[in-house]
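What follows is each chain in one-letter form.
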Amino acid sequence: MATFLYKLGRLSFRRRHFVALIWVALLTLAGVGAASAPAAGNSSFSIPGTEAQKAFDLLEQRFPGTSADGATARVVFKAPSGEKMTDPGNKATVQDTVKELADGSEVVRVTDPYQAKAVSKDGTIAYAQVSYKVSGMELDDAAKDALEDSAQDARKAGLTVEIGGDALQAVPHTGSSEIIGIAVAAVVLVITFGSLVAAGLPLLTALIGVGIGVSAITGLASALDLGTTTSTLAMMIGLAVGIDYALFIVSRYRAELAEGREREEAAGRAAGTAGSAVVFAGLTVVIALVGLSVVNIPMLTKMGIAAAGTVAIAVLIALTMIPALLGYAGRKVRPMGEKGKLLGRSKPQDEAAEPAKSAKPNLGTRWASFVVRRPVTVLLLGVVGLGAAAVPATSLELGLPDDGSQPTSTTQRRAYDLLSEGFGPGFNGPLMVVVDAKNSDDPKGVFAETGEEIKGLKDVVTVTPAQPNKAGDTATITVIPGSKPSSVTTENLVHGIRDAGTDIKADTDANVLVTGSTAMNVDVSEKLNDALVPYLVLVVGLAFLLLIVVFRSILVPLKAALGFLLSVMAALGAVVAVFQWGWLSDLMGVEQTGPVMSMMPIFMVGVVFGLAMDYEVFLVTRMREAYVHGEKPAQAVVTGFRHGARVVTAAAVIMMAVFAGFIGSSESMVKMIGFGLAIAVFFDAFVVRMAIVPAVLALLGRKAWWLPKWLDRALPNVDVEGEGLRTLADRGDGNRELVRA
C-alpha cells in the first residue's frame, strides 16, 4: 500500500498539469450535467415490508386516479371574535375561496367545509382540503402562489386563515452559518500552517471534491429519485472529510521537508504514509455509510451511498491533486517548524530541520506525557464524563417531523394549532384504515363490522363511514385519535386497530391495514429499531476486521469500537437535551422541541463510527509507526502525539465547524444532524481519542500490539507505517527502486 501510494504521489507531483486538468475536467462535466439535468422532485418515501406501505400500495391499485402521493393543503379558517363560521358573510367568503382554489390546473378536488361537515362544534373554525395531482416539491410556483393568494383574499374579509399540509413544502436552505463554518475552517488551517498557500490547498481540493459529488447527485437526482437532503448530507460530510484528509497529507509533507527531503520525494512519502491512513480512514466512513442500506429504507440507502461516493472522491483527490498542487506551490509551502510571513519571521532551513534539543516540547507531547503518567485518572474522568453526557439518551423519544414540529412563526404550524383547537389534537394525525374484502363473501358487512370494532377501542374520537371503491371490494375508513400524532397513546391505538384486524381476518378472510402519516411514522421507528443491532454488527464487524489489518492488533481495534460507543451515546444524550428537552434551544435556533427524528440514532451510529475511526487511524498509526521502529510502548504514545496531536486537533475543529454550519438550516432534520455530528466529533476527538485512547494504550503496554502469530501470517501486510519505504531508503537505493517499479 505505502509503496503504491508513494509512486502515485511522486507521479502526481511530476505530472501535476495532467492531474489538475483531469480533476478540473471532471468538475466541469459534473457541473454541465447538473445544469442540464431536469429538476428533481421530492424523493418518494417508501418503507418496503411495512403494513403502512402495503396499504398505500393497495390504495393505488384499488383506487386508481386518486393521486395518493399528491400534495395536500388544509386551508384553515377562524372566525373573528364573537362570530361563527356559519354566519352568512363568513360562509360566503369561504365558499368563494373554495371556488377560487378549484380553478387550479393541478388541483384534483377541493372539499367544501359545509358539505363535508368540516366545521368545529363551536362553529369558530372550519377547513377546506385541497388535493393536487403532484407532490409538494413538484408543485408549480403558480399553484403555490394561487393557494397563498386565496388565503390572503379571505384574510382581507376579516377571517384568520392559515395553510397546513405539504403543498407549501419548500427546498430547505442552510443559511449563512454554512459559510461561517467554512470560514472557521480556513482560519484554523492558516493558524496550523502559518501560510495562506498551505491553508488554501485543503480548502481548494475539498471544494472541488464536493463540487463534483454534489453536481453528480444533482444531475442524477431526477433519474434516481434523490431528495434534496441527499445532496445536503453529501456536502456536509464531503467538506468535512475532504478538508481533513488533505490536511493530514499536507502536514506530513511539511514534516518530510523538515527532515531534509527534496519536495518530490517528500510528496511521495507523504502520500505513502499519511495517504495510507487516509485510504483506510476513508474506507471506514464508506463502509459505515453504505451499510445504511441494511435498514432497507430507500431514502436512507440513497443518502448513504451518495455521501459515500463523495467521501471516495475526497480520498482520491487527497491522494492525487494534493501532491500536484504541492508541486505548483513550490517553496511557498514551508517545512514543519518554519513560520511563514503571517505568523512571524521564517527560520533558516537547517535550523528548522534540526531543532535545538532544548526546545520546549509541544502541547501534544506534554499532554501525552501527563496521560502516560496518570492513565487511570484520565481514563476514569473520560468515561464518567461521557457517561454523564449520555444520561439524557435514556429518555429518548423517536418520531418523524410533522407540522407540529415546525416553528410557531410558520403558517403550517399555526394551521396545525388551529385544527387542534377546533377539532382536537388527534385531528392532525388521522389514521386511514384500508379494508380489503376481495376474498370475503360479504364486503359491506365486513366494512361495517370493522368500523364498529374500531369505535370500541380506547382513544378513538371519530370513525367515518366506510368509503368503498367502484368495485366494492375495498374501502377506506378514517379514524381520528384523541391524542396528538407523536404520542405513545396514538401509537398504541395503531397497534390496537391492527390487533382487531387480525381477529377480523380470522372470521371473514378480509385484510385490515392501517396507513397514513402517523402509522407510517410508527412503522419507520419500529423498522429502524429492529435494524440497529444488525447494522451495528455489520458495520462495526467489517471495520473491526479492517482495523486489525491496519494496526495488526486485536485490542487496539476493540478499544476503538468501545470508545466509539461512548462517543455516540454521549452525542445522542446531547441531542435529546437540546432538541427534546430544550436545553440551549435558543442558542441553537430550535424553535420547537419534540421527539428526536426516528432515523437519527442509526444515522449517527453509521456516520459517527466512520468519522471516529478517522481520528483513530490518523493518531494511532503514528504511535504504531513509532512502536514498529523500535520505541517502547509508552514512548510511542508520546511520539504519536508529538507528531499527530496538533493536526488531529485542527482536523477535529475544522470538522466541527463544518458540521455546526448546518445548524442554521431551515430543515429540522439537517439542523439535528449538523448538531449531532458536531458534538459527536467533539466528544470523540477530544475525550475518546485524545484522552481515553492514550490512557488505555499506556495501561496495556506491549499487550496493545499483540496479535496471534497464525493471524499475523494470514493477514495481508498493507504497510500503513511505510516500513517498506524506510527499508529501501536504508539500503540506499529506495528512490531508484521505487521509481523503476
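Residues numbered from 1 in each chain as written. Predicted model: local features only at pLDDT ≥ 70, side-chain atom pairs only at ≥ 80, totals over all residues. Heavy atoms only, no water.

What's the story with helix α20 (residues 600-628) in this structure? I'm lost.
At 3.6 residues per turn, the α-helix brings residues three or four places apart onto the same side. A rise of 1.5 Å per residue sets the reference length of α20, with its 29 residues, at 42 Å; its end C-alpha atoms lie 40 Å apart and thus fit the reference within 8%. At V620, α20 shows its maximal bend, which comes to roughly 25°. Within α20, 28 of the 29 residues are buried, which leaves it mostly tucked inside the rest of the structure. Two residues or fewer after α20 comes G630, characterised by a positive phi angle close to 110°. (Helix = DSSP H or I, 4+ residues; strand = E, 2+ residues; numbered from the N terminus. Expected span 1.5 Å × (residues − 1). Bend = angle between axes of the 7 residues up to and from the residue. Buried < 20%, exposed > 50% of the residue type's maximum accessible area, 1.4 Å probe, protein only.)

I'm lost on the packing of aromatic side chains in this one. Help?
Given two aromatic rings, one states the distance between the centres and the angle between the planes to describe the pair. All chains considered together, the criterion is met by nine aromatic pairs. Here the aromatic rings of F682 and F686 are separated by 5.7 Å at their centres, their planes lie at 45°, and the arrangement is tilted. A residue pair is termed a helical-turn pair when its members lie 3 or 4 positions apart in one helix, as F682 and F686 do in helix α22 (residues 668-700) at four residues. By relative accessible area, F682 is classed as partly exposed at 34%. (Phe/Tyr/Trp six-rings, centres within 6.5 Å; stacked < 30°, edge-to-face > 60°.)

Would you take a moment to explain the environment of A636 for this structure?
When you line up the elements, A636 lands in helix α21 (residues 633-660). Residue class for A636 comes out buried when judged on its relative accessible area of 1%. Note: C-alpha distance between A636 and V620 (16 residues apart in sequence) is 9.5 Å.

Would you take a moment to explain the packing of helix α12 (residues 363-373) against α22 for this structure?
The angle between the axes and the distance between the axes are what describe a pair of packed helices. Contact geometry for α12 and α22: axes closest at 8 Å, N-to-C directions at 50°. As far as their axial angle goes, α22 and α12 are oblique. Remark: the crossing between α12 and α22 carries right-handed chirality. When α12 is examined against α22, the residues W367, V371 and V372 are found in contact with a partner set consisting of M690, A691, P694, A695 and A698. Of the residues that constitute the contact of α12 with α22, the class distribution is eight nonpolar, no polar and no charged. (Axes fitted to C-alpha atoms, helices over the stretch in contact; angles between N-to-C directions. Parallel < 35°, antiparallel > 145°, perpendicular 65-115°, else oblique. Left-handed = near helix turned anticlockwise from the far one by under 90°. Contact = heavy atoms within 4.5 Å. Nonpolar A, V, L, I, M, F, W, Y, C, P; charged D, E, K, R; others polar.)

I'm lost on the side chain of T320 in this one. Help?
Relative to the helices and strands, T320 is located in helix α10 (residues 298-329). Within the structure, T320 has its side chain in polar contact with the backbone oxygen of L316 (distance 2.7 Å). Setting aside its immediate chain neighbours within four residues, T320 contacts L8, S12, V19 and W23. (Polar contact = N/O pair within 3.5 Å; in protein donor to acceptor, adjacent residues only side chain to side chain.)

Whenever I open this one, the pattern of salt bridges confuses me. Can you help?
Where charged atoms of side chains with opposite charge meet at close range, the side chains can pair. Taken as a whole and judged by the stated rule, the model has 18 salt bridges. Note that R62 is salt-bridged to D436, the shortest N-O span being 2.8 Å. With a gap of 374 residues between them, R62 in helix α3 (residues 51-62) and D436 in strand β6 (residues 431-436) connect regions that are remote in the sequence. Accessibility expressed as a relative area gives 18% for R62, which makes it buried. Given the relative accessible area of 12%, D436 is considered buried. Between D523 and R498 there is a salt bridge, with its nearest N and O atoms 2.8 Å apart. Taken as a pair, D523 in helix α17 (residues 517-551) and R498 in helix α16 (residues 488-508) lie far apart in primary sequence, 25 residues in all. Using a relative accessible area of 5% as the deciding quantity, one classes D523 as buried. For R498, a relative accessible area of 11% puts it in the buried group. (Salt bridge = Lys/Arg side-chain N within 4 Å of Asp/Glu carboxyl O.)

So, to be careful, I would describe these as geometric facts and stop short of saying anything about function.
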